[in-house]
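Understanding the architecture of this molecule
In case you want the letters, here they are:
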Amino acid sequence: MFLQCFRFGPTVGAKMYLPEGTLIVFRGVGGPNESFRWILRRGEVEDKGGFVKNLFHFAYQRRLAAVKGSWFGAWGLEKFVWDTIVFRKIRAAIGGHLRYMLCGAAPLSIESQHFINICMGSVIGQAYGLTKTFAGATFSEWFDNKVGRVGPPLSCCYIKLVSWEEGGYLTSDKPMPRGEIVIGGFSVTAGYFKNQEKTNEVFKVDKHGMRWFHTGDIGQFHSDGCLEIIDRKKDIVKLQHGEYVSLGKVEAILSTCDYVDNIMVYVDPFNHYCVALVVASYYPLVKWAQQVGIKHKDFTDLCNKPETINEVLQSISKVAKAMKLVKTEIPTKIKLLSDPWTPESGLVTAALKIKMEQLKAKFKDDLRNLYA
């Protein structure tokens, strides 16, 4: 069976040109899903306001209840009605014949996954893997509409979980075993080029000759064999009073904020709070400035205004609290940046993952000032 796939391009800032008279989607560094969600939902629906806005939100909430498993959601005939009068226009923006989408390189937020499933009328799956495992290690199946998971292991490799007692992740945990994800098989590379010390650290060979790569990612296996990524070992840092902060988890949650295009959460172990570097999302922030009447020369000037920083910080805090982050996980101060992080700048990888050491070096003065 041939599946028509919608693929987000590999280049940061790449444009996807849609049929004449429709929208142009700009891909942002923070992940295509958030830019996609903003333009189709906020940009198209919010601008119309009134009846159209209320109808969309009502239809979306009805379908969301059904997708989450509620019998009181929109099923059957009601689903057909909403698909016809509300969501058909959105689907037509990319042809109207979408069957399956796949997201990789960075985690897809649950909210965005629900939104795409409902508005696009097709399943969006997630894949997981690393360069060291020759890319793919797991792959969501086309009929799996559950969110937050990356699918079962591919036939080319084996995946096991190893307990990480320091972080509190154990294979004996209930209801699902948890631990560091370790990938083995012929798809695992031989090691790092001319770096035997690093190779010996993360690549292991068992007594059967199987080569295993310790990913540093923390996962859990569902009862049906699907893997879910829940944390990362290297991302867990300790604050002054002993509280742990999972940087990756916090960044993934805060990146769903409409004002955030990309974000790096930073922790100074000699302080009791965390801070963040935030790349501002152009369209929603400019729209907010117009609504509240803030005058600015350019986008950089807007990002430097105290009112803008306060608005973004409050929005980030609102998202964090909604996702039940504890106080120590919510940035107390932020530095708002106008220029996107691109692979060309050396601040993110080709897969759009942030390079923390390079970011810390480039913005060391800003980070120091946030703790001043």
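Preceding this paragraph is the structure being described.
Presented here is an overview of the structure given in this document.

Reading the values: the criteria
Residues numbered from 1 in each chain as written. Predicted model: local features only at pLDDT ≥ 70, side-chain atom pairs only at ≥ 80, totals over all residues. Heavy atoms only, no water. Core = buried A, V, L, I, M, F, W, Y, C linked by side-chain atoms within 4.5 Å. Buried < 20%, exposed > 50% of the residue type's maximum accessible area, 1.4 Å probe, protein only. Helix = DSSP H or I, 4+ residues; strand = E, 2+ residues; numbered from the N terminus. Contact = heavy atoms within 4.5 Å. Expected span 1.5 Å × (residues − 1). Arc of directions from axis to C-beta. Phe/Tyr/Trp six-rings, centres within 6.5 Å; stacked < 30°, edge-to-face > 60°. Axes fitted to C-alpha atoms, helices over the stretch in contact; angles between N-to-C directions. Parallel < 35°, antiparallel > 145°, perpendicular 65-115°, else oblique. Nonpolar A, V, L, I, M, F, W, Y, C, P; charged D, E, K, R; others polar. Pairing = 2+ DSSP bridges. Polar contact = N/O pair within 3.5 Å; in protein donor to acceptor, adjacent residues only side chain to side chain.

Turning to the nonpolar core, a few remarks are in order. Membership of the largest hydrophobic core comes to 33 residues, with the highest contact counts inside it found for Leu254, Val265, Val278, Leu285, Val312 and Ile316. Secondary-structure elements contributing two or more residues to this core are helix 6 (247-254), strand 14 (260-267), strand 15 (274-280), helix 7 (282-292), helix 8 (299-304), helix 9 (306-322) and strand 16 (333-337). With five residues, the single largest contributor to this core is helix 9. Excluding anything up to four places from it in sequence, Ile316 contacts Leu254, Cys257, Val260, Val278 and Ile334. Counting residues in each nonpolar core, the second largest holds 20 residues, with Ala74, Val86, Leu98 and Leu108 among its members.

In a regular helix each residue adds 1.5 Å, so 18 residues correspond to 26 Å; helix 2 (residues 50-67) covers 26 Å between its end C-alpha atoms and thus fits that length. Within the span of helix 2, buried status applies to Phe56, Ala59, Tyr60, Arg63, Leu64 and Ala66. Along the axis of helix 2, the buried residues cluster in a sector spanning 155 degrees; they form a single face. Facing away from the buried side of helix 2 by more than 90 degrees, the exposed set consists of Phe51 and Asn54. Positive phi appears at Gly69, one or two residues downstream of helix 2, with a value of about 105 degrees.

Turning to the environment of Tyr259, a few remarks are in order. Structurally, the position occupied by Tyr259 is in the loop between helix 6 and strand 14. With relative accessibility at 10%, the residue Tyr259 sits in the buried group. The residues contacting Tyr259, other than those within four sequence positions of it, are Val279, Ala280, Ser281, Pro284, Leu285, Trp288, Glu311, Val312 and Ser315.

This part takes up unusual backbone geometry. Between Lys174 and the following residue, Pro175, the backbone shows a cis peptide bond with an omega angle of 5 degrees. Positionally, Pro175 belongs in the loop between strand 7 (158-162) and strand 8 (178-184). If you check the backbone angles, Phe134 has positive phi at about 55 degrees while not being a glycine. Phi is positive for Lys324, close to 65 degrees, though the residue is something other than glycine. Here Lys324 shows up in the loop between helix 9 and strand 16.

Let us look at the packing of aromatic side chains. According to the stated counting rule, one finds 14 aromatic pairs in the structure shown. The interplanar angle of 10 degrees and the centroid separation of 6.1 Å between the aromatic rings of Phe56 and Tyr60 together place this pair among those described as stacked. Taken together, the residues Phe56 and Tyr60, both in helix 2 and four residues apart, mark about one turn of the helix. Of the residues examined, Tyr60 reaches a relative accessible area of 3% and is grouped as buried. Ring centres of Tyr60 and Phe115 lie 6.0 Å apart, and the angle between their planes is 45 degrees; on these two criteria the pair is classed as tilted. Here Phe115 lies in helix 4 (residues 110-120) and Tyr60 lies in helix 2, a separation of 55 residues in the sequence.

So, about the packing of helix 2 against helix 4. Relative orientation and spacing of two packed helices are given, respectively, by the angle between their axes and the distance between those axes. Direction vectors running N to C along helix 2 and helix 4 enclose 105 degrees, while the axes themselves pass 10 Å from each other. In this view, helix 2 runs roughly perpendicular relative to helix 4, as classed from their interaxial angle. Contact residues: helix 2 offers Phe56, Tyr60, Arg63, Leu64 and Val67, while helix 4 offers Glu111, His114, Phe115, Ile118 and Cys119. Of the residues that constitute the contact of helix 2 with helix 4, the class distribution is seven nonpolar, one polar and two charged.

Before going further, it helps to examine the sheet that holds strand 15. What the three strands build is an open sheet, ordered 14-15-16; its pairing is mixed. Each end of this open sheet is capped by a strand with a single partner; those strands are strand 14 and strand 16. When the angles between neighbouring strand axes are averaged without regard to direction, this sheet yields 20 degrees. By the bridge criterion, seven bridges tie strand 14 to strand 15 in an arrangement that is antiparallel. Paired with Asn262 across the bridge in strand 15 is Val279. Each of strand 14, strand 15 and strand 16 is contacted by helix 9, which is oriented at about 120 degrees to strand 16, the strand it contacts most.

What follows deals with the packing of helix 3 (residues 76-92) against helix 4. Contact geometry for helix 3 and helix 4: axes closest at 8 Å, N-to-C directions at 100 degrees. When the interaxial angle is binned, helix 3 and helix 4 end up roughly perpendicular. Contacts from Phe87, Ile90 and Arg91 of helix 3 reach helix 4 at Ile118, Cys119 and Met120. Looking at the contact of helix 3 with helix 4, its residues break down into five nonpolar, no polar and one charged.

Strand 15 sits mainly inside the fold: seven of its seven residues count as buried. Residues Cys274, Ala276, Val278 and Ala280 line one face of strand 15 and the alternating positions Val275, Leu277 and Val279 line the opposite face, and both faces are buried. In textbook terms, the turn of a hairpin is the stretch between consecutive antiparallel strands, and for strand 14 and strand 15 this stretch comprises six residues.

What follows concerns the side chain of Arg91. Tracing the chain through its elements places Arg91 in helix 3. A polar side-chain atom of Arg91 sits 2.8 Å from the main-chain carbonyl oxygen of Ile118. For Arg91, the side chain forms a polar contact with the main-chain oxygen of Cys119, separated by 2.9 Å. If we ignore the near neighbours within four places in the chain, the residues touching Arg91 are Asp83, Gly96, Ile118, Cys119, Met120 and Gly121.

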